[in-house]
Each structure stands twice: as C-alpha cells, then as structure tokens.
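Spelled out from the first residue to the last, the chains are:
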Amino acid sequence: MLNSKLNLVLLTAIWFLSQQFFAQEQKEDMAYVKGGSYIPLYGADSVWVKVDDFLLDPYPVTNAEFLKFVHENSEWKKSGIKKLFADERYLYNWKSDYSLGENVSEKAPVTNVSWFAAKRFCECQGKRLPTLDEWEYAAMADEDTPDARVKESYNQKILSWYETPKTFENNVGSTFKNYWGVYDLHGLVWEWTLDFNAVLLSGESRNDSDTDRNLFCGSGSVGATDLMNYAALMRYAFRGSIKARYSIKNLGFRCARDAQSL
Amino acid sequence: MKKIIYFSLLTLFLVSSCKQSANKEIEEIAQERSEGISEMSVYNLPATWTNQDNEDIQLKDLEGDVLVMVMIYTSCKAACPRLVADMRNIEEKLPDEVKDDVKMIFVSIDPETDTPERLKAFAKENFMDQDPWIFLRSSEENTREFAAVLAVNYKQITPLDFSHSNIISVFNRQGELVFQQEGLGVNSDNTIRNIKETVSER
C-alpha cells in the first residue's frame, strides 16, 4: 500500500531527525563561556578585546573521536590526506589509517593533526575552531576565578607544565576543571585556534625585540603588555612560528560554537 | 499533507551534517573536479572568490597561468602602496613573451570593506583595471584559509587597520607555490627570475 510506504518513510525520517536532536544534545554538553573584555597579555598594544559569549568543548578532541571522523571522511585518513592540507607527520603516532596501535590511548587528545584537519573536524560537528581571543579568554580562568592571571601561583603552574615532558600522552580530563567547566586548557596539549595566523612575529624574533617593520604592515603589532606573563608569550611565539599544514606531536585542538547559534 | 511532511523531513535530512550520504555525492563531485590536480596545488581549495568585475571565480579557473599573488587591503596607508608598487615593478620588468602567461593578483584581507566596487575603484586608481591584474575577495573564513596556505599572517588592529606580513607569492601553472618574496621594497630580481623560470616550465 502506498500509505504504509509513506508511513515507513515518515518513520525513517523521524528516526533521522531524532538522531539530529541527539547530536544537538551532545552540543549542549559544551561549556558556556560568558563573554567580556580582556587585555591580551601579549597582544596588540594593550587594547581591550571584546569576546562574545561562546560555547567551548570541555575536553580536547580525543584519538577515538578523530578516528571516527576519519572513518566517515576517508579523504582525511593518514594515507589519503592531500599534502596541501598536512605535512608528512600527520597522524604520525597512529599505527595505520584506521588503527591507533597499542601505545596510543583512545582517550588521549589527538595530536599530529594539521590546522586544516582540525578545522574540518569541527565543521563536521557543526562547530568551528575557537578564535585565538576566545581560547585565551577561557584559558585565563583557574578553578574558581575567570581571570587568574594576576595570581603568581597560576602562572607558575602553567610554566611548570611547559617543562613537563610528554603530557600529550595523558588522557583528556586529567588536568583541572576551570571556572567555566573546561578541562585541559593548560597541562595537556597546545591547541590550534581558528586564527592562529593572526600572530605577527618576524621570522627571526630573536634579532630584535621589535617587530620587523619590513615584514609587516601597520604598527609593530606585538609588544609585551605584561612581562610577567611569560607563559602567554610562549603560546603566542609558538603560534607565530607554525604553519597550517604542520602536524606536531603536542598540538591538538577542541571545537567551539557561537552562543547564539544554539 | 503527508507528502509535504515527508518532503520537508527529507530536505532536513539532506542538509544535515558531513557524514551523511547527500554530502558524499558532493564530495565525489569535488573529488572528480580535483582529479589531476597536484596535491600541493591551491586549486584544491574549493573557495569561491569575486573579482573587481563582480564575477565569481575559483582559483582553479586560473589554472594554466603562472600566478603572482599578494594579500593587501585597499584602505591601507602604510605598506600596501609599496606592495602595489613592488607588484607593478615586477610586472614591468617581465619580458613580453612571459607576460602573456602571468596573472598578477591582489587578494583582500579585508573582505568586508573591499567590496567588488571598491576593488574596481582601487584598480582604476592604480591603472590596473586590465590584464594581467586581478583583484579578489571572498568570505572572511576563505581568506583566513588562503592566508594559512600562503603562510601570510594578519590581524585586524582597528576596524580600519590590519597588520599583515608582506609576502609576494609565485605559483606555477599547476597552482603549486614555488617562490615567496618577503618584505617591502626588497630587490625583486630574484622574484622576476623565478617567474621567468616558472613560465618556461611547460
């Protein structure tokens, strides 16, 4: 009967829809970060930067999650990725295209992924990479304050992590939960941001504390507004030195969304 | 009535996320299009750009020519006029037989301000509203991605001002990046030599 056929189609469609709602629900697990203004400790000449409310994944993306993505999008598998989008170290630590191998934990953050791959992963979840300002804004928080940068202990903790080897092998959630309900912003891996290439440092930044005026247009865009925050300086220097196709063993990512798009 | 519901549900299903079959088809078409394109080619980027004549193009449409590209914004007062001068200087020094195979391209890092009309006016002001000059703009996201490919860094400082790397890039006929000149008002001899060599490669 035509009618029963239609019913079947309807049921199938409803099933798909419910899948969509389920996916939506998963997005609601994201942490809500209330926006505000902040002065990036190492940014454009002490200018206040406004950050809108946004949602952020509580954890970095794991190997298991990325494996699922690769299964569904085979052009991003280890042997399939175009060289334009990732260098030869892409998923270097995985055993093969669809297998992590024994030494790689499913729950550890995925690393050795290029910016292109990270960006695409987030797009496929209906999300995006966080902007540099969003990431830095969320990362100012410690366990109980939204901006802990004035606390000496906070900076020391971050810096001591920078000296700890191989934290990228730990599982996600193994560091502290911050004020916004976000884990692992410090202490696990470095993370890609959408506009990581908005950091302007000269090719040889040891040469001069000033920006290379020949290489950049506009004002010397980076000047430390707070020398105390050596940690932030390290992050900005790192971002300024990487390229979008680089796959690095301690560089992972997490996704974000606009708050109003929910 | 049921048909309407069915249809709208199906539409919903079709427009949903990456992994589902509808998108697979689009991917396959894209893959087909990209067949024969080298892995390192910028023609792998699916972005659509608009030129100063308000025509939509993909970078792939420029395949076959050697491309000389720089990222600027038209309201820039500091380095950009010098970058424009550098580009003009490079073009002037190219031999005629080489010129035919070269496109000189400006890509806006300020797509919001740099509308096609604005690009057109800028092209006219600079006597560049003809071959081989092309002015392009796209979405903010596509621009960020293209900059990532070129390793050009930029940041909006104020609503009107950007800070950006001054890099002129040369792409071969397959769309692969073959040379970059960094800095302002630097000697362009090396760049010109690279363009000539790239054109002579068939």
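Since the model is a prediction, treat every value here as computed from it, not as a measurement.

Cut-off values and rules
- Residues numbered from 1 in each chain as written.
- Chains lettered and ligands numbered in written order.
- Predicted model: local features only at pLDDT ≥ 70, side-chain atom pairs only at ≥ 80, totals over all residues.
- Heavy atoms only, no water.
- Helix = DSSP H or I, 4+ residues; strand = E, 2+ residues; numbered from the N terminus.
- Buried < 20%, exposed > 50% of the residue type's maximum accessible area, 1.4 Å probe, protein only.
- Contact = heavy atoms within 4.5 Å.
- Areas by Shrake-Rupley, 256 points an atom, 1.4 Å probe, with all protein chains shown as cover.
- UniProt positions renumbered as here; feature names shortened; annotations may be inferred.
- Disulfide = S-S within 2.5 Å.
- Arc of directions from axis to C-beta.
- Axes fitted to C-alpha atoms, helices over the stretch in contact; angles between N-to-C directions.
- Parallel < 35°, antiparallel > 145°, perpendicular 65-115°, else oblique.
- Nonpolar A, V, L, I, M, F, W, Y, C, P; charged D, E, K, R; others polar.
- Polar contact = N/O pair within 3.5 Å; in protein donor to acceptor, adjacent residues only side chain to side chain.

Examining the overall build of chain B
Helix and strand counts for chain B stand at seven helices and nine strands. Buried residues in chain B amount to 51% of all 202 residues. Here the contacts in chain B between residues at least 6 apart in sequence split such that 65% fall between residues at least 24 apart. Surface summary for chain B: the accessible area is close to 9,700 Å², and the carbon and sulfur share equals 51%.

So, the UniProt feature "binding site: Cu cation" (unreviewed entry) in chain B
Residue and element names in this part refer to chain B. Per the UniProt record, "binding site: Cu cation" (unreviewed entry) is found at C76 and C80. For C76, a relative accessible area of 6% puts it in the buried group. Accessibility expressed as a relative area gives 2% for C80, which makes it buried.

Observations regarding the state of the cysteines
Residues and elements named next belong to chain A. The final tally for this structure, using the stated rule, is one disulfide over all chains. Between the sulfur atoms of C122 and its disulfide mate C255 the distance is 2.2 Å. Judged by the torsion about the S-S bond (-85°), the C122/C255 disulfide is left-handed. Highlighted residues: C122 in helix α3 (residues 115-124) and C255 in the loop between β9 (251-252) and β10 (256-258), separated in sequence by 133 residues.

Quick word on helix α5 (residues 116-125) of chain B
Residues spaced three or four apart along an α-helix point in a common direction, a consequence of the helix completing one turn every 3.6 residues. Residue and element names in this part refer to chain B. For α5, the complete set of buried residues consists of P116, L119, F122 and A123. Each buried residue of α5 sits inside an arc of 120° when the element is viewed along its axis, so together they form one side. Structural note: α5 exposes K124 and E125 on the side pointing more than 90 degrees away from its buried face. Looking at the buried side of α5, the elements it contacts are β1 (48-51), β3 (66-72), α3 (80-92) and β5 (133-137). Once α5 ends, the next one or two residues include F127, with phi positive near 55°.

As for the packing of helix α2 (residues 63-72) of chain A against α3 of chain A
Residues and elements named next belong to chain A. Interaxial distance between α2 and α3 falls to 11 Å at its minimum, and their mutual angle equals 80°. Between α2 and α3, the crossing angle belongs to the class labelled roughly perpendicular. Residues E65, F66 and F69 of α2 form the contact with α3, whose participating residues are A117, R120, F121 and C124. The residue makeup of the contact of α2 with α3, split by class, is five nonpolar, no polar and two charged.

Focus: the side chain of T111 of chain A
Residues and elements named next belong to chain A. Along the polypeptide, T111 turns up in the loop between α2 and α3. Judged by its relative accessible area of 2%, T111 is buried. Here K249 takes part through its backbone oxygen, which lies 3.0 Å from a polar atom of the side chain of T111. Those residues in contact with T111 that sit more than four places away from it in its chain are L91, N93, F168, V189, I248, K249, N250, L251 and G252.

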